[in-house]
Amino acid sequence: MLQCWRALTLFLLVSAASVFAASSLSFENSAIVRTVDLGGSLVHVTTTFAAKALEPKASAYTITLPEDEIQRTSWLEVKIKGQQQPLTVKYGGAPADGKFYNLDVQLPNPVEVDSTVNIVLETIQTHATYPWPERAAQQDEQSLKYNTTLFVLSPYKTNVQRTKVKSPSPEVRSYTTPKDVDAFTLESPVTKSGATITYGPYNNLPVSATNEWVTKNQQLIGIHYKYDYPVLELTQVKRVAEISHWGANLNIQDDIVLYNAGPELKGHFSRLEHQTQSFYKRAAAHVIPALSLHLPAGIHDVYYYDLVGNVSTSRLRAAPSVPKNSRSNQYSVMELRPRYPLLGGWNYTFTLGWDSPLADSASYDASTGKYIVQVPIMTDVPGSVVNECEVKIILPEGATDVEHVLPFPAVSTEESTHITYLDTLGRPVITFKYKNLTTKHAKPIYVSYKVPSSAHLRKPVAVATALLGLFVFGMFARRVDLTLHKKTA
Amino acid sequence: MSTAYPLPTNLSTTTVTNTASLLRIVALGLISAAAIASRLFAVINFESIIHEFDPWFNYRATRVLASQGFYEFWNWFDPTAWYPLGRVVGGTVYPGLMATSGVIYNFLHAFHLPVDIRNICVLLAPGFSALTAWATYMFTKEMKDESAGLLAAAFIGIVPGYISRSVAGSYDNEAIAIFLLMFTFYCWIKALKTGSALFGTLAAVFYFYMVAAWGGYAFITNMIPVHALTLMLMGRFSSRLYVAYCSWYAIGTLSSMQVPFVGFQPVRTSEHMGALGVFGLLQIVAFAQLARSHLSSKQFQNLLTVSVVAMGVVGTFGFIALTYMGWIAPWTGRFYSLWDTGYAKKYIPIIASVSEHQPTAWPSFFMDLQLLIFLFPAGVILCFRELRDEHVFVIIYSVVASYFAGVMVRLMLTLTPVVCVSSAVAFSSLIDTYLDPTQPEGEEESEADSSNGTNTAATPSKKEKAKKPAASTSALNDIVTAATSQSSSKSKSKGIWGLDTRLIVIVNAIGMLSFFVFHCTWVTANAYSSPSVVLASTNPDGSQHIIDDFREAYYWLRQNTPQDAVVMSWWDYGYQIAGMADRPTLVDNNTWNNSKSHIATVGKAMSSSEEVAYPILRKHDVDYVLVIFGGLLGYSGDDINKFLWMVRIAQGVWPDEIQEPNYFTPQGEYRVDDRASSAMKNSLMYKMSYYRFAELFGGNNAMDRVRQQTMPKVGPTLDYLDEAFTSENWIVRIYQVRKEDLLGRDLKSANAFAQGKKKKKSKPVSRRKAIPV
């Protein structure tokens, strides 16, 4: 989500950048350890900076990320090691025509000279891997490739740094051996043990966040590894949440475009082979036969259909409703099978929706007279990325003073009206758009609004008026005589 | 006068009238509810889905109308049908059905009721069946009385013969056409009875609606003139007939010509000439009547008669001459097949290949009508008793519709309403007789009145009428009072004594009715409520298992092939592919103008060998070929079972290349196992159906469960097509047509090369095999 975050805050923070402008003298990295957890659609990268303060009361630390990495980072969090509270991160601008960007981290407590603080940067990268070979036949295995830069850049001197790349399976097809790194290490520049490939340790790096250093020393490394799970991509998710006070119901409906981002199918799909594979329980890694989703507890009337009608191949194990704010781990499990197994490069679209008691996700604040409703941004499909997400929250008719709180900023927010069954004026709608969402983004949006009691009565009054009008018309119409000639008896 | 059971005496006539009218309204409401509810089996058992084949096109067209408006629909050119010709949809459909749904859709949306267009389409037929029940009530009321009307409404509401074409999801023209048919007839009868130009015009308006909705409008176009002609021949010409017919014909014909698909047919084709002729005849007769009323000369009257006959003869010859000169189109093939059931099979195999165009089997009469089938003649005979003008109509209708229903299964639908009407007349006469509380008086009087015996069965109902003057319509009133005044003056001599005899008959009648209800429910639930897009079977634990192969494959096509990929399949699936897969098709269920050669091309491609079929496929830009194969599951409606029709239709155009006998074994059997003929084994259809089928059985004998034949261990191979998709139960198999080899080899040798040298030995053999075809 960083791109959007950046777009929004860019102007505000250009000035701030000068304030934070980190002098390369304030810190020294005694160690940098970067761990890359390879996956399918998502790659988790955790970088730990052990920073030693060189100046008294150093309180701003700068992290540098290369441009392509920042492009594919969709979620980012900085913490002090061992603490829960994330730190404030501000975009620190990029040096002139630099290929990297600075992030300024505000430390909670100023660091004394010579004491060390461990800063943990956690990011999730999306669309960072790609299938290689790009096409695979039905029985073939699935391998992915991941590229990254060898050195972690820093505006400070670094004593030692290393990068660990963890592959999900020990079958690593190939990995790059860096060249010309004798300046930093005397041992082997890369070692592999099991599923882990370690680059480094590299010692005594100077200030690396400069253009000339990058051009001279930085290089790309690639890992080609076997991946045993399907690579899922939700190309588009449109969520509509409709709040009904009369029905005490929160209806959530997702229109989802599913895409298998694994290697494209080479040749054609053979049902015979697919049936043989599933009969002998050796399903190919890049075939998605089914999805298992965790839906909220207490839901009912779940529906799953696509453009040609109901899809009968699904199972739901619904959990009973849990009280609000309770730390219960209960959820309903939806086993969802597309109409056909999804092979590499295939699409499937479907609509999934359910009703849930409004009381499970809404409450009334008597002091302000406002209702507060929480709507999750998305349903987490494990290990998948949502390319585009649109969340539409439809409030009850006549809702006023609408405010919302987002867990992270949206690309765009729109307000409109929506007219549904027997509405007279329509309902206020807020639409949020997001891009590249991951597991970490499945958080609720909070919306608060007031509904005057007259608005509650609008619908019955409208219907009653219409019927009354009809009856009055009928009463008069019956009594009007339009015959031209009176019938003679 | 003694009564069989005590009657309340302290009721005022207004109380009786009001109660009766309330009961009627409640009964009609319940009948409508039953009519709608019994059609919902399909929705409850499956889902709200469009059924079968043609409804998919209607649904697709309706969606265009609902989303883009009427004018867009009117001008809609569908480039995906009949690739590469396309189809001018606005000019080649009966738009009544789509327009109806569109109006309902817009009406509901105007009131902020955003009902999905699919649900409107699915529920249109049940909704209109309630209206049909009401129209039948009105119609039968004109024949006899309200109680017969209610019975008729109840019959038509649940009779399987009508339900078969109007279950929820069966979104076809017939869904609204039967209502329009009955209501037009009602307006016609009403106009005829009262001589009202208003009702004549109403009949014309509903006739126009009917023309816009269903090709079967020709039935009305000919029924009403035949009725008018018969009345004239019976010497029943009256100014009422003149007003009714002229207002109906003039307005009805002019308005029907506004439907683009009909256009000038009402004045240019033979099917419509009868109506025009009767119209002319009416003018002549009316003029003759006028002349006679002014000049009461016997000779002049004779002269007029002669001139009438002469004009009739001149008119007929003029019609024949015009036909020969080409001004009037001769009868179409479909029309001939109504008179000669073997005609279609000989000359138009495409019509004969449709199962609903087959002659009706006897059991289906009972299946569709049950007890009504033997009440029906009784009702027709009862019509002869009074033989008023409207009874003549029912009699003609019965005769004509019975014949047509015997010729074609689908025309069962037009027979059903008249069966319901006349059965209701018969049944309500029976009930009237046995519910009538009056006991006959002494025996000596009964003998004196025995000459009047034929009338007695009809009179009790009239008598009841007299007790409660409930008849609301003025037209009925005077007839009833006329009838009752004479019958009430006489005392009854024949009738039923006691309560027990009455009870026996009434209980029996009620028993019959309840069996009818059970039968209808059973038939509806089991025979007529399958969407045929979705199949149902039962799991070992008794739960329902849905076999959804069609939608699986169509959806795969929709999601994973290019938008403009052309799909070839047998024409049955054209509408479904267009509707669900949204892909261009070579042929579809609209068997119009040059369909013959187009469909024959597909038939030829399917029935010839790969080498012959491949150029045809490439010439028509075919990307995918879709076949339906039921051998794994035992689904008998598959393409191998329809294959002979493809062969026949292809043979009709290319008799030198395709010959039907080649597809049978020398013994004349239709086989698909290793005894199958070589033409069969090499045909594209056979190869696509059984490609890799035997491998599924892992070395065991592969069994085709439809044909109950054991398949050879080594299945057919394909060189020019690739298997692209096969659905879960192998019902739908989709093949991709290969592009030409890049090196210019023919695909067969390219394939053999790709598979390695070892194939080389077998290659010449397979080549030699291919040559005899």
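Being a predicted model, the structure only gives us computed values, none of them experimental. (Residues numbered from 1 in each chain as written. Chains lettered and ligands numbered in written order. Predicted model: local features only at pLDDT ≥ 70, side-chain atom pairs only at ≥ 80, totals over all residues.)

Engineer: Any chance you could explain the overall build of chain A here in plain terms?
Structural biologist: Check the secondary structure of chain A and you find six helices and 31 strands. Along the three orthogonal principal directions, the C-alpha set of chain A runs to about 125 × 65 × 45 Å. Buried residues in chain A amount to 36% of all 489 residues. Considering only contacts within chain A whose residues lie at least 6 apart along the sequence, 78% involve residues at least 24 apart. (Helix = DSSP H or I, 4+ residues; strand = E, 2+ residues; numbered from the N terminus. Buried ≥ 20, exposed ≤ 12 C-beta atoms within 10 Å, placed from the backbone. Contact = placed C-beta atoms within 7 Å.)

Engineer: Quick question: what am I supposed to make of the sheet that holds strand S5 (residues 566-568) of chain B here?
Structural biologist: Each strand in a sheet pairs with another by means of backbone hydrogen bonds, the pair being arranged parallel or else antiparallel. All names here are of chain B. Here we have four strands laid out as an open sheet, ordered S5-S6-S10-S9, and mixed in their pairing. Both edges of this open sheet fall to S5 and strand S9 (721-726), since each of them pairs with a single strand only. Within the sheet, the average angular offset between the axes of one strand and its neighbour, ignoring direction, is 30 degrees. Pairing of strand S6 (residues 622-628) with strand S10 (residues 732-737), which is carried by five bridges, proceeds in the antiparallel orientation. By the bridge assignment, Val627 is partnered in S10 with Arg733. Where helix H29 (residues 549-560) meets the sheet, it contacts S5, S6, S9 and S10, and its direction lies at approximately 25 degrees from that of S10. (Pairing = 2+ DSSP bridges. Axes fitted to C-alpha atoms, helices over the stretch in contact; angles between N-to-C directions.)

Engineer: Is there a simple way to think about the domain arrangement of chain A in this case?
Structural biologist: A common measure of how large an interface is: the accessible area buried when the components associate. Residues and elements named next belong to chain A. Here chain A is partitioned into domain 1 (2-226) and domain 2 (232-459). The distance between the C-alpha centroids of domain 1 and domain 2 comes to 34 Å. Looking at the side of domain 1 that touches domain 2, the elements with two or more residues in it are helix H1 (2-20), strand S4 (73-80), strand S7 (116-126) and strand S9 (135-136). Among the elements that line the side of domain 1 that touches domain 2, the one with the most residues is H1, at three residues. (Domains from an automatic or database assignment.)

Engineer: I would appreciate a short explanation of the pairing of strand S14 (residues 196-205) of chain A in the present structure.
Structural biologist: Residues in a regular strand point their side chains to alternate faces of the sheet. All names here are of chain A. Across seven bridges, the pairing between strand S11 (residues 157-166) and S14 is antiparallel. By the bridge assignment, Val165 is partnered in S14 with Ile197. The sheet contact formed by strand S13 (residues 190-193) and S14 spans four bridges and is antiparallel. What sits directly across from Lys192, in S14, is Ile197. As consecutive antiparallel partners, S13 and S14 are separated by two residues, and within that stretch Gly194 has a phi angle of approximately 65 degrees, a positive value.

Engineer: What is the right way to look at the UniProt feature "transmembrane region" (unreviewed entry) in chain A in this model?
Structural biologist: Under the UniProt annotation, "transmembrane region" (unreviewed entry) lies at residues 460-477 of chain A. For residues 460-477 of chain A, helix accounts for 100% and strand for 0%, while the C-alpha atoms at its two ends are 25 Å apart. (UniProt positions renumbered as here; feature names shortened; annotations may be inferred.)

Engineer: For this particular structure, what's the right way to read the interface of chain B and chain A?
Structural biologist: Taken together, the contact between chain B and chain A spans 25 residues of the former and 21 residues of the latter. At the level of secondary structure, the elements contributing two or more residues to the side of chain B that touches chain A comprise H29 and S9 of chain B. The element best represented in the side of chain B that touches chain A is H29(B), accounting for seven residues.

Engineer: Is there a simple way to explain the packing of helix H1 (residues 13-38) of chain B against helix H8 (residues 146-158) of chain B in this structure?
Structural biologist: Between two packed helices, what matters for the description is the angle formed by their axes and the separation of those axes. Residue and element names in this part refer to chain B. Two elements in contact, H1 and H8, have axes whose closest approach is 8 Å; the angle formed by their N-to-C orientations is 10 degrees. If you check the angle between H1 and H8, you find them roughly parallel. Residues Arg24, Ala27, Leu28, Ile31, Ala34, Ala35 and Ser38 of H1 touch H8, and the partners they reach there are Glu146, Leu150, Ala153, Ala154, Gly157 and Ile158. For the contact of H1 with H8, the per-class residue count stands at nine nonpolar, two polar and two charged. (Parallel < 35°, antiparallel > 145°, perpendicular 65-115°, else oblique. Nonpolar A, V, L, I, M, F, W, Y, C, P; charged D, E, K, R; others polar.)

Engineer: What am I meant to see in the domain arrangement of chain B here?
Structural biologist: Residues and elements named next belong to chain B. As far as domains go, chain B holds domain 1 (546-739) and domain 2 (747-773). Of the residues lining the interface, nine residues belong to domain 1; the matching set on domain 2 comes to six residues. A per-element tally of the side of domain 1 that touches domain 2 places helix H34 (residues 678-682) first, with three residues. Taken together, the residues that form the side of domain 1 that touches domain 2 break down as two nonpolar, four polar and three charged.

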